[in-house]
Structures are given as structure tokens and as C-alpha cells.
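Summary of structural features
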Amino acid sequence: GESVGLHLPTLSVQEGDNSIINCAYSNSASDYFIWYKQESGKGPQFIIDIRSNMDKRQGQRVTVLLNKTVKHLSLQIAATQPGDSAVYFCAENMSKRSNDYKLSFGAGTTVTVRA
Amino acid sequence: DAGITQSPRHKVTETGTPVTLRCHQTENHRYMYWYRQDPGHGLRLIHYSYGVKDTDKGEVSDGYSVSRSKTEDFLLTLESATSSQTSVYFCAISEVGGRQTQYFGPGTRLLVL
């Protein structure tokens, strides 16, 4: 399953399939990006991050891809499991100062895994 | 939740009353943040702190104040709560230098009647 753009806030995916969650960011000067997972009733949980000097970074079952040309970020989840059902947020560091760590968050994509 | 606790976890209050939310961390991280989360808006930064007694405003700071007298504690105060401040409030922390990953607490659900 795949979500496109910031305006498709839900994604339904069959268990075992790969998921792709997309995010368009706004600031071409952003140099750091994070993906968070938020389960119902809990705080956001860090999944994976990537710096702007990289195009791809892999974690356990997750891969983040960064396309700076079109200001696009994606999160790929391999072999999606029921426990992956959550809201996924992308965040970018929009700070202009080098010692400023403010993040700007997207609205989130709700992923539902079908058994 | 990365050594972050928030109190209270749930609160119901009336319009016009003062409310203080507490965030406590055991990680000795320099940066602390307060966010609110509302449907359709994602996470929005209220205030943040870059050290003891050093704070700055975020994008939705009106009606809120903060204080940080110790590294481990960051307080968020609603001086006179309004119904528009009904929300889920999250505290986050981050280290200095290089990675700007923020780690979040479990949240406080606030209802202003």
C-alpha cells in the first residue's frame, strides 16, 4: 500500500505486504528529518532519521528515502505486521540557527493493517 | 518513553482556572519542549527550553507560559484555561549537538469545560 502527498491521511495495507508512507516537506534548507510512529493513547515514538547529505537510510524493517530535488520523504515498512498499525508522522528541522533544534511536524498518516 | 514522565496524565478543569502541567526527565538532556496535539493539526510547538531559565516561544504560545528552574523539570502553565486549550499535551526532550531527535513523553489529556 502507498500514501501520496500530505492530503491522503489514511493507508490500508494487507498484512505481509510492504507499506510506503509519503511526506512532502516545505523547507529546502531543512537538513534533518525524522519519522515517528504514534500508537493510540501514546506519545510519538522515534523510528528512523536521516540527514540531508544522505538519500537513503535503513533500519530494522524500515527504510527512509529522501529526494531533495522534489522535497519528498518516504518511509517504507517491509512485511507489514498488525503491530505497525499506528499514525506515522514525518518531521523536519526548519531551524535557521545551527543550535536551534525545533522540528516541524506533518499532519500524519494513519496506517491500518488488514489481517 | 525515554525517561520522561508527565503529570497529571489526565485533567478536567473549568474555564478561567489556572492549570500547570509538569514534565520530568531523567536523561539530563538540555532541550525540552511542550507540544499540543489536536485532530487535523498534528503536533504544534508551544514553548521550548534550551537550558535552565532559558525558554523561547513556539508557534502557538499565546495563553501559555513555561518555567524551567531545574534541568529535569519543565512546567507548562495555562494562566486562565479556555475551552480552545482542550488538547493532548506532549513533552519532548533532545540532546545538544548533532542529532536533533526529540523523544516524547506519554502525554497529558486536558479537558477544559
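Look above for the structure.
Figured I'd write up the structure that's included with this text.

Basis of the calculations
Residues numbered from 1 in each chain as written. Chains lettered and ligands numbered in written order. Predicted model: local features only at pLDDT ≥ 70, side-chain atom pairs only at ≥ 80, totals over all residues. Heavy atoms only, no water. Contact = heavy atoms within 4.5 Å. Buried area = accessible area lost by both parts, 1.4 Å probe. Salt bridge = Lys/Arg side-chain N within 4 Å of Asp/Glu carboxyl O. Polar contact = N/O pair within 3.5 Å; in protein donor to acceptor, adjacent residues only side chain to side chain. Helix = DSSP H or I, 4+ residues; strand = E, 2+ residues; numbered from the N terminus. Nonpolar A, V, L, I, M, F, W, Y, C, P; charged D, E, K, R; others polar. Core = buried A, V, L, I, M, F, W, Y, C linked by side-chain atoms within 4.5 Å. Buried < 20%, exposed > 50% of the residue type's maximum accessible area, 1.4 Å probe, protein only. Disulfide = S-S within 2.5 Å.

1. Let's talk about the interface of chain B and chain A
Of the residues lining the interface, 24 residues belong to chain B; the matching set on chain A comes to 22 residues. Of the roughly 1800 Å² buried where chain B meets chain A, counting both sides, 52% is carbon and sulfur surface. Summed over the shared surface of chain B and chain A, the result is 0 salt bridges. Here chain B and chain A share 4 residue pairs in polar contact (both at pLDDT 80 or more) between them. Only strand 4 (31-38), strand 5 (42-51), strand 9 (87-94) and strand 10 (103-104) of chain B provide two or more residues apiece to the side of chain B that touches chain A. Looking at side-chain class alone, the side of chain B that touches chain A contains 11 nonpolar, 9 polar and 4 charged residues.

2. Thoughts on the nonpolar core
All names here are of chain A. Residues I21, W35, L73, L75, Y88 and V111 are the most contacted members of the largest nonpolar core, which totals 20 residues. Breaking this core down by element, the ones donating at least two residues are strand 1 (10-14), strand 2 (19-24), strand 3 (32-38), strand 4 (45-51), strand 6 (62-67), strand 7 (72-77), strand 8 (86-93) and strand 10 (109-114). Ignoring anything within four residues of it in the chain, the contact list for V111 reads L11, V13, I21, D84, S85, A86 and Y88.

3. Brief notes about the state of the cysteines
With the rule as written, the count across this model stands at 2 disulfides over all chains. With a sulfur-sulfur separation of 1.7 Å, A:C23 is cross-linked through a disulfide to A:C90. Residue A:C23 is found in strand 2, and its partner A:C90 is found in strand 8; the two are separated by 67 residues along the sequence. You'll find A:C23 and A:C90 in the same group, each marked buried. Covalent S-S linkage joins B:C23 and B:C91, the inter-sulfur distance amounting to 1.9 Å. The sign of the S-S torsion, about -70 degrees, decides the handedness of the disulfide formed by B:C23 and B:C91: left-handed. Of the two residues, B:C23 is situated in strand 3 (residues 19-25) and B:C91 in strand 9; the sequence distance between them amounts to 68 residues. Residue class for B:C23 comes out buried when judged on its relative accessible area of 0%. When its relative accessible area of 0% is taken as the criterion, B:C91 is described as buried.

This is a description of form; function is not addressed.
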